Amino acid sequence: KNQVEQSPQSLIILEGKNCTLQCNYTVSPFSNLRWYKQDTGRGPVSLTIMTFSENTKSNGRYTATLDADTKQSSLHITASQLSDSASYICVVSDNNDMRFGAGTRLTVKP
Amino acid sequence: NAGVTQTPKFRVLKTGQSMTLLCAQDMNHEYMYWYRQDPGMGLRLIHYSVGEGTTAKGEVPDGYNVSRLKKQNFLLGLESAAPSQTSVYFCATQGRAGRDEQFFGPGTRLTVL
């Protein structure tokens, strides 16, 4: 069983709308959690990183939250744009390894 | 400043053939990684290196070998390709383990027939 589960698997929204992607993890001990954006045919690019003591981190229209007690994170995208169409990957690190979620495929339609 | 580059971008092999994927970085990073990405699954670590001349196994190392003879290059070899190795391969680099961001290359799409 994957130690990082993301939901939904895929999501379609209209341009301008907001959306929230979820990440639940069982990785322990917890070191940090990252959200990556991966455009089709490209490598992942880091959006945010949070450690145990951080419960929110923003990067423009992207806001990530972390609840280390429930082992949940979310990525909120505000006022979506067509260029937000991509896969969003949650990555949780213990002290040694990085565990990747399977990603959420987001499609933003005009 | 090219960042992380991968060669080739695409390749089709027949079962049993061999090939080498090259990852090159100009960021002077110590850590380098090879991942594979398959549909519906997260990236899985094949091998990694914590510095020139060092390599270590990741989560799915079987069927692959690596070498880090120079700090800027990390090679991934397939000695006898199998259809199960059809995947997209990503190289990544990192300055230091832990909080430092990993920078990914553009990927190599490999098909084994």
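As a reminder, the structure under discussion sits directly above these lines.
Just so it is clear, the model here is predicted, and its values are computed rather than measured. (Residues numbered from 1 in each chain as written. Chains lettered and ligands numbered in written order. Predicted model: local features only at pLDDT ≥ 70, side-chain atom pairs only at ≥ 80, totals over all residues. Heavy atoms only, no water.)

Moving on, we come to the overall build of chain B. Per the secondary structure count, chain B includes 0 helices and 11 strands. Order of helices (α) and strands (β) in chain B, N terminus to C terminus: β-β-β-β-β-β-β-β-β-β-β. The C-alpha radius of gyration computed for chain B amounts to 13 Å, which stays within 12% of the reference 13 Å derived for 113 residues, consistent with globular compactness. Buried residues in chain B amount to 47% of all 113 residues. Contacts in chain B between residues far apart in sequence, at least 24 positions, make up 54% of those at least 6 positions apart. A total of about 5500 Å² of accessible surface is found on chain B, and carbon and sulfur atoms cover 52% of it. Across chain B, the 12 positively charged side chains and the 9 negatively charged ones have centroids separated by 5 Å. (Helix = DSSP H or I, 4+ residues; strand = E, 2+ residues; numbered from the N terminus. Rg over C-alpha atoms; globule rule 2.2 N^0.38 Å. Buried < 20%, exposed > 50% of the residue type's maximum accessible area, 1.4 Å probe, protein only. Contact = heavy atoms within 4.5 Å. Areas by Shrake-Rupley, 256 points an atom, 1.4 Å probe, with all protein chains shown as cover. Lys, Arg positive; Asp, Glu negative; His and termini not counted. Charge placed at Lys NZ, Arg CZ, Asp CG, Glu CD.)

Taken as a whole and assessed by the stated rule, the structure comprises 2 disulfides over all chains. Sulfur-sulfur distance for the disulfide between Cys 23 of chain A and Cys 90 of chain A comes to 2.1 Å. Where Cys 23 of chain A bonds to Cys 90 of chain A through sulfur, the torsion about that S-S bond is close to -70°, and the disulfide is left-handed. A residue pair is termed long-range when its members are at least 10 positions apart, and Cys 23 of chain A in strand β3 (residues 19–25) and Cys 90 of chain A in strand β9 (residues 86–93) qualify at 67 residues. On the basis of relative accessibility, which here comes to 0%, the residue Cys 90 of chain A falls in the buried class. Note that Cys 23 of chain B is cross-linked by a disulfide to Cys 91 of chain B, the S-S spacing being 1.9 Å. (Disulfide = S-S within 2.5 Å.)

It is worth spelling out the side chain of Arg 36 of chain B at this point. Residues and elements named next belong to chain B. The topology assignment puts Arg 36 in strand β4 (residues 31–37). A residue is classified by how much of its surface remains accessible, and Arg 36, at 9% relative accessible area, is buried. Among the polar contacts made by the side chain of Arg 36, one reaches the main-chain carbonyl oxygen of Thr 86 at a distance of 3.5 Å. Dropping the residues within four chain positions of it, Arg 36 is found in contact with Gly 42, Leu 43, Arg 44, Ile 46, Val 60, Tyr 64, Ser 84, Gln 85, Thr 86, Ser 87, Val 88 and Tyr 89. (Polar contact = N/O pair within 3.5 Å; in protein donor to acceptor, adjacent residues only side chain to side chain.)

Right, let's talk about the sheet that holds strand β1 (residues 4–7) of chain A for a bit. All names here are of chain A. If you walk across this open sheet you meet the 5 strands as β1-β3-β8-β7-β6, and the pairing is antiparallel. In the strand order of this sheet, the two ends are held by β1 and β6 (56–59), each with one partner. Averaged over neighbouring strand pairs, the angle between their axes works out to 15° when direction is ignored. Pairing analysis gives 4 bridges linking β1 to β3, with the strands arranged antiparallel. Residue pairing for β3: Ser 7 is matched across the bridge by Gln 22. (Pairing = 2+ DSSP bridges. Axes fitted to C-alpha atoms, helices over the stretch in contact; angles between N-to-C directions.)

Let's shift gears to the pattern of salt bridges. Opposite charge on two side chains makes pairing possible when the charged atoms of those side chains draw close. Under the counting rule described, the total for this entry stands at 9 salt bridges over all chains. As a salt-bridge pair, Arg 99 of chain A and Glu 59 of chain B come within 3.9 Å of each other at their nearest N and O atoms. One end of the pair, Arg 99 of chain A, is in strand β10 (residues 98–100); the other, Glu 59 of chain B, is in the loop between β6 (56–57) and β7 (65–67), on a second chain. The class of Arg 99 of chain A is partly exposed, set by a relative accessible area of 24%. Members of the salt-bridge network, linked through shared partners, are Asp 97 and Arg 99 of chain A together with Glu 59 of chain B. (Salt bridge = Lys/Arg side-chain N within 4 Å of Asp/Glu carboxyl O.)

Everything listed here is a matter of coordinates, which is why it stays silent on function.
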